[in-house]
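Chain by chain, the residues run as shown.
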Amino acid sequence: MAAVKLIPQLLSWAVIVLVLLRGFPARRPIVTAACLSGFLVGVAGAVVLFRSFPETIPFGVVKSALGTGFLLFWGISVVALYRSTGRRVATSGGARFVTTSSGAGAGALLAGIIAGAVCACRLPGPDGNLPALLTLVLGAGILTLFALAVEKMLPASLTVSPSGVLTAVVALLLFSSSSILRLDLFSPLSMKVMKGVHDFVHQFMESVLIPDHLFVRSEVWGYIGLLFGKEVGFWGGMVIWFTPAILIALAISFERLPSVAHIRQGAQRRKLVAAAIKARRYRLVIPVLSVAIFAAGAYQSRFPSVEYWDPKPVPVSANQEGEIFIPKKGEIDLEDGKLHKYLFKQGGQEARFFVLMTPGGQLTVVLDACSICKPDGYGQAEGTVICYYCVTLIPLETVGKPGGCNPVPIPFAERADGVAIDGKTLINSWSSTVSATARVKEGGK
Amino acid sequence: MAPAIIETGGLSKSYGDICALKPLDLQVPEGEWLSVMGHSGSGKSTLMNLVGGLDRPSAGSLRVGGEDLLMLSEDGLARFRREFVGIIFQQHHLVPYLTAVENVMLAQYFHSVPDEAEARSALERVGLGHRLKNRPGELSGGEQQRVCIARAIINSPKLLLGDEPTGNLDHKSTVMVMELLRELRAEERFTVIMVTHNQEVATWGDRTIYLDDGVLVREERTRS
């Protein structure tokens with residue numbers, strides 16, 4: 001089962017090796033060695049991190065590495081586009097370094113480390129699952145040899161520029177991490193964009209129009225309302241996600257043709273120009289394919305193939321004192337580490353909440369809503385709860401703490417045999433939270 | 001003597017039961033102007049098509065410019081024609097809805113990339129600088145043939161093939177076209193193979209071979 005889960009990561013790994021080999025055809029031995037040793041280091045490093053620290057830290061480290069890679073990619077794409085105009089930039093030395101043995105080896109090593117760590121993060125129990133780790137390393141080694149053989153069969157005309165290599169490697173790493181909830185970058189990116197836009201529009205309205213927005217008609221408010229939709233985050237995230245790959249593709253298509261003015265014979269001159277145009281067209285193949293890989297990553301992020309634990313809310317009622325009591329043991333075991341949802345109705349009002357035992361052994365009661373997003377509720381997967389609206393992952397350890405995307409905590413009393421919640425407090429808490437966040441009120445998922 | 005640009009050994013071509021060209025051994029030195037004469041159906045055009053890579057032989061060997069044409073794939077033959085050969089036909093085969101300069105640029109396009117300035121210059125070289133924007137229907141037969149010459153030489157071929165290029169022209173136009181070809185050959189140093197019925201046209205070449213019923217029956221040196 002673990003092997004099946006690793007298919008996207010291992011396939012991405014094979015293509016990463018293939019692209020690196022084709023990108024540095026004169027450095028095949030060093031690229032192969034660096035890729036393999038990098039992968040081993042990545043896997044071993046992840047295992048050490050998982051053994052030494054709580055789960056959140058290793059995931060955080062790998063995610064930061066991925067994020068840094070994406071930022072670097074952004075920077076290089078802008079520089080590449082600038083350079084394609086023929087202007088000299090201070091980073092020209094860096095571009096030359098990449099094509100040396102050391103540069104190609106360092107790039108391959110780094111790609112291998114991150115890819116290895118991402119694969120290790122995908123394994124269940126990565127800190128002690130020795131058979132799975134050995135299978136992973138063996139599989140990666142076989143795929144490296146496979147990539148080496150396939151690369152030799154590719155037509156010689158299919159060349160890859162260093163910026164194309166970077167585009168493909170970043171795209172493939174992000175693709176392979178997008179199916180791991182705690183490494184996925186696209187969802188947090190969309191969320192940040194959404195929050196950024198919301199905050200900006202809100203502050204702008206506050207400072208410019210409110211309180212006396214006499215000249216702004218309701219239709220205008222309708223358009224402004226679009227900026228508060230979930231789609232703002234998605235489309236804004238897509239722009240940030242795709243732009244660097246598109247900039248690299250543009251940079252390649254703007255590359256200057258070689259100077260042929262010194263060649264006397266017209267046919268020879270045109271032949272050289274045609275060959276340069278053809279080579280440039282082939283170099284575009286990888287960045288254009290990378291755009292498709294980025295799209296696949298975004299799709300995986302938006303529609304992850306993860307089965308969420310999403311129990312149907314169980315209706316509960318209050319006793320005469322207005323207290324809701326939920327037993328620890330019974331049909332539902334509150335201490336099994338899973339979230340358990342409940343629905344409480346009173347006087348035409350309702351509130352949804354869930355009870356969860358955190359990894360620290362602490363029972364906690366929270367609303368099935370946060371104070372920011374529309375109350376679409378939470379699911380649970382891979383050691384986190386996830387907000388269905390903004391796809392933010394909340395580590396189980398932090399459930400019960402107030403603020404941000406965390407579900408709103410509810411006061412409760414823990415007794416020996418269960419938890420007791422005040423119904424009125426619950427309803428009030430839900431009402432005040434939801435009235436602030438729900439543009440379209442929904443009964444639940 | 002210059003090295004041979006064309007070498008054939010027992011080269012023959014049959015269409016079903018009809019043997020259009022019987023085993024032929026021929027060598028053409030680089031830079032030579034070879035005239036090929038014979039009656040209709042004697043195998044002149046067949047020989048030209050084989051040498052130009054437009055058709056494949058039935059038997060024998062054929063090397064042109066060091067390339068064994070029998071070993072080339074269809075793509076290889078297309079590249080050979082594109083880069084090595086220029087052809088002038090009796091019927092011109094100009095695209096009627098393109099101007100003279102566009103017809104020349106079309107040959108550039110299939111070779112590599114179009115270059116209008118170079119195409120204009122080629123037409124100026126053949127004396128058509130004032131007819132650049134005219135379509136074939138607006139040109140005389142001689143002018144059309146000169147567009148064909150510009151088109152044939154635009155990609156700097158090593159081998160120029162002419163299949164009755166003056167067959168449709170009057171005497172004055174014929175002389176003009178032949179003089180033009182002689183000048184261009186002196187400048188570009190390509191090899192010419194000219195198929196013709198016309199004895200006078202054949203004498204413009206260095207050597208003439210005579211085919212009859214697919215067999216080389218005679219050859220004579222026409223120029224020193």
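Residues numbered from 1 in each chain as written. Chains lettered and ligands numbered in written order. Predicted model: local features only at pLDDT ≥ 70, side-chain atom pairs only at ≥ 80, totals over all residues.

Identification of chain B as ABC transporter ATP-binding protein from Geomobilimonas luticola is taken from an unreviewed UniProt entry.

The name given to chain A in an unreviewed UniProt entry is DUF2318 domain-containing protein, with Geomobilimonas luticola as the source organism.

**Thoughts on the overall build of chain A**
A count of helical and extended segments in chain A gives 14 helices and 10 strands. When its C-alpha atoms are laid out on the principal axes, chain A stretches across 100 × 65 × 30 Å. In chain A, buried positions account for 38% of the 445 residues. Contacts spanning at least 24 positions in sequence make up 75% of the contacts within chain A whose residues lie at least 6 apart. (Helix = DSSP H or I, 4+ residues; strand = E, 2+ residues; numbered from the N terminus. Buried ≥ 20, exposed ≤ 12 C-beta atoms within 10 Å, placed from the backbone. Contact = placed C-beta atoms within 7 Å.)

**Some remarks on the overall build of chain B**
Assigned secondary structure in chain B consists of 7 helices and 10 strands. Taking 17 Å as the expected radius of gyration for a compact globule of 224 residues, we find that chain B reaches 17 Å, a close match to that expectation. With the C-alpha coordinates of chain B rotated into their principal frame, the extents come out at 45 × 40 × 35 Å. A burial count over chain B gives 44% of its 224 residues as buried. A sequence separation of at least 24 residues applies to 67% of the contacts in chain B between residues at least 6 apart. (Rg over C-alpha atoms; globule rule 2.2 N^0.38 Å.)

**Notes on the interface of chain B and chain A**
Contacts between the two partners involve 8 residues from chain B, matched on the other side by 8 residues from chain A. Here the side of chain B that touches chain A is built from residues that sort into 1 nonpolar, 5 polar and 2 charged. (Nonpolar A, V, L, I, M, F, W, Y, C, P; charged D, E, K, R; others polar.)

**Quick word on the confidence of the model for chain B**
For residues with low pLDDT, the predicted coordinates do not support detailed interpretation. Residue and element names in this part refer to chain B. Residues at a pLDDT of 70 or more form 99% of chain B, whose mean pLDDT is 91. Confidence, expressed as mean pLDDT per element, reaches its minimum in chain B at helix α6 (residues 171-188) with 88 and its maximum at helix α3 (residues 100-111) with 95. Complex prediction metrics read pTM 0.76 and ipTM 0.84. (pLDDT = per-residue confidence, 0-100.)

**Examining the nonpolar core**
Core analysis: the largest hydrophobic core is formed by 112 residues, its most contacted members being A:Ile16, A:Val19, A:Leu20 and A:Val169. The element best represented in this core is helix α6 (residues 101-122) of chain A, accounting for 12 residues. Each of two domains, domain 1 (2-188 + 231-302) and domain 2 (314-437) of chain A, supplies a minimum of three residues to this core. If sequence neighbours within four positions are ignored, A:Val19 has contacts with A:Val160, A:Val165, A:Ala168, A:Val169 and A:Ile286. Of all hydrophobic cores here, the second largest spans 59 residues; its members include B:Leu24, B:Ile88, B:Val126 and B:Val195. (Core = buried A, V, L, I, M, F, W, Y, C linked by C-beta atoms within 7 Å. Domains from an automatic or database assignment.)

**Points about the sheet that holds strand β4 (residues 349-357) of chain A**
Residues and elements named next belong to chain A. The mixed open sheet is built from 4 strands, whose spatial order is β1-β3-β4-β5. Every other strand in the sheet has two partners, leaving β1 (314-316) and β5 (363-367) as the edge strands with one partner each. For this sheet the average axis-to-axis angle between neighbouring strands, irrespective of direction, equals 30°. Bridge analysis of β4 against β5 gives 5 bridges, and the strand direction is antiparallel. (Pairing = 2+ DSSP bridges. Axes fitted to C-alpha atoms, helices over the stretch in contact; angles between N-to-C directions.)

**Looking at the confidence of the model for chain A**
Taken as a whole, chain A shows an average pLDDT of 86; of its residues, 91% reach a score of 70 or greater. Counting contacts from residues 440-445 of chain A, a segment whose pLDDT is below 50, to residues more than four positions away or on other chains yields 9 contacts.

**Notes on unusual backbone geometry**
Residue and element names in this part refer to chain B. For His 92, which is not a glycine, the phi torsion comes out positive at approximately 70°. The residue His 92 is located in the loop between β6 (85-89) and α3 in this model. One non-glycine residue, Asp 213, lies in the positive phi region at around 55°. Among the secondary structure elements, Asp 213 is positioned in the loop between β9 (207-212) and β10 (215-221).

**Some thoughts on the domain arrangement of chain A**
Where interface size is given, it is often the accessible area lost as the parts come together that is meant. Residues and elements named next belong to chain A. Examined at the domain level, chain A breaks down into domain 1 (2-188 + 231-302) and domain 2 (314-437). Of note, the centres of domain 1 and domain 2, computed from C-alpha atoms alone, are 42 Å apart. Taken together, the 5 residues of domain 1 in the interface contact 8 residues of domain 2.

**Some remarks on the UniProt feature "transmembrane region" (unreviewed entry) in chain A**
Residue and element names in this part refer to chain A. This chain's UniProt record puts "transmembrane region" (unreviewed entry) on residues 6-24, 31-53, 65-82, 103-125, 131-150, 162-181, 232-254 and 282-299. Within residues 103-125, the helical portion is 87% and the strand portion 0%, while the C-alpha atoms at the span's ends are 35 Å from each other. Helix makes up 94% of residues 282-299 and strand 0%, with an end-to-end C-alpha separation of 27 Å. (UniProt positions renumbered as here; feature names shortened; annotations may be inferred.)

**Looking at the packing of helix α8 (residues 162-178) of chain A against helix α13 (residues 285-302) of chain A**
Residues and elements named next belong to chain A. Here α8 crosses α13 at 15°, and the two axes come no closer than 8 Å. With respect to each other, α8 and α13 are oriented roughly parallel. Two packed elements cross with a definite hand, and for α8 against α13 that hand is left-handed. Counting all contacts with α8, which are made through Gly 164, Thr 167, Ala 168, Ala 171, Leu 172, Leu 174, Phe 175 and Ser 178, the residues of α13 involved are Ile 286, Pro 287, Ser 290, Ile 293, Phe 294, Ala 296, Gly 297, Gln 300 and Ser 301. (Parallel < 35°, antiparallel > 145°, perpendicular 65-115°, else oblique. Left-handed = near helix turned anticlockwise from the far one by under 90°.)

**Some thoughts on the UniProt feature "domain: Membrane iron-sulfur containing protein FtrD-like" (unreviewed entry) in chain A**
Using the residue numbers shown here, the UniProt feature "domain: Membrane iron-sulfur containing protein FtrD-like" (unreviewed entry) corresponds to residues 334-427 of chain A. With 5% helix and 43% strand, the stretch residues 334-427 of chain A has end C-alpha atoms that lie 22 Å from each other.

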